[in-house]
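Coordinate analysis (summary)
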Amino acid sequence: MKHVTSLKIGPIGFRIGCDWREPIAQVERLYADFPRPDDGIADFNVHLFAARPWRRILRPSVHIGGDFVIPDAAPLPLDQGLLAAEMGMNLQMALGQRRYLLLHAAAAERDGRAVLMTGISGAGKSTLAALLMARGWRLMGDEFALVDPETGQVHGFPRLVSLKNQAIGVVEAALPDARFGPRLEGTPKGAIRHLVPDARAIGAMGEPAKPALILFPSYGHEAAERPVLPSEAFVRLTQASTNYTKLAARGFDALTRLVRNVPSRAVDYPDADTALAQVERLWSVL
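On a predicted model such as this, the values are computed, not experimentally measured, just so you know. (Residues numbered from 1 in each chain as written. Predicted model: local features only at pLDDT ≥ 70, side-chain atom pairs only at ≥ 80, totals over all residues. Heavy atoms only, no water.)

Some thoughts on the pairing of strand S1 (residues 3-9)
Within S1, five of the seven residues are buried, leaving the element largely enclosed by the surrounding structure. Pairing of S1 with strand S2 (residues 12-18), which is carried by seven bridges, proceeds in the antiparallel orientation. The residue bridging Val4 from the neighbouring strand is Gly17, located in S2. Taking the residues between adjacent antiparallel strands as the criterion, S1 and S2 are bridged by two residues, where Gly10 takes a positive phi near 60 degrees. (Buried < 20%, exposed > 50% of the residue type's maximum accessible area, 1.4 Å probe, protein only. Helix = DSSP H or I, 4+ residues; strand = E, 2+ residues; numbered from the N terminus. Pairing = 2+ DSSP bridges.)

Notes on the sheet that holds strand S10 (residues 145-147)
Strand pairs in the sheet, formed through backbone hydrogen bonds, run parallel or antiparallel to each other. Taken in spatial order, the three strands of this open sheet run S6-S10-S11, and their pairing is antiparallel. Only two strands of the sheet have a single partner each, and these edge strands are strand S6 (101-103) and strand S11 (154-155).

Some words on helix H2 (residues 81-96)
Its 16 residues give H2 an end-to-end C-alpha distance of 22 Å, which sits within 8% of 22 Å, the value for a rise of 1.5 Å per residue. Burial analysis of H2 places 14 of its 16 residues in the buried class, the great majority of the element. (Expected span 1.5 Å × (residues − 1).)

Focus on the pairing of strand S15 (residues 210-219)
Remember that side chains alternate between the two faces of the sheet whenever the strand is regular. In terms of burial, S15 is largely enclosed, as seven of its ten residues are buried. Bridge analysis of S15 against strand S17 (residues 264-269) gives six bridges, and the strand direction is parallel. Each bridged residue has a counterpart across the sheet, and for Phe216 the counterpart in S17 is Ala266.

Examining the environment of Ala123
One can find Ala123 in the loop between strand S8 (113-117) and helix H3 (125-134). Given a relative accessible area of 4%, Ala123 falls into the buried group. In contact with Ala123, not counting residues within four places along its chain, are Pro217, Ser218, Tyr219 and Tyr269. (Contact = heavy atoms within 4.5 Å.)

Here it is in structure tokens:
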């Protein structure tokens, strides 16, 4: 790769190589405060490349590759190169991570304990994680929660927070002094803008937390809450994990321990203020 950078997010190091300079420049600007991989050795490699030499110049399109790939995945236009880099890092984690049980979930920490929020696309977990950060919680991540199978603790993975469509304005208003990436229009999920985690999230990302609450949020409904039995939570979380089956017995034991020891709630909400109030109320009675 002609242009290369590296960074460490939580316990995971990445090396990103690209045929074009601008995506790497954007990654370096937004991840400027993040450390480099230990001893310069990355856990995963991401490649952003042109399928043909002329595609670097003529209608340039970015293919996503690396240590692990999805054959025939559609490329992105060059002006979405930052999104391609983010997708590339997520792809390596989803397909290659074996040390931690991965949950497709946002996580935030307070007083050494973490709330995990998981749901289908559009449930609002990234927005809620960003808004909790605005209220003083430590952001631990918006894409993956890393559960240590040995200790049961959650490790931080505070990559850029991917905000979509209407959520962009909501978080911009809540965090007027925060750093944001460019607004990307016309992506497969509409408009996207990336939020840089605050200094606390970055500085403390090596500190794990004990999971204390699991939430299954659902946006666009009248406010409601209900307890989720461990059996239902287990099934939902297996569906939210990209490597549960790969970890075999370690994954089963880790997930069983998680749902037995940590209360789960389903939360429906019509707007962000309602959801934040629900989170704070549930947290106060733990």
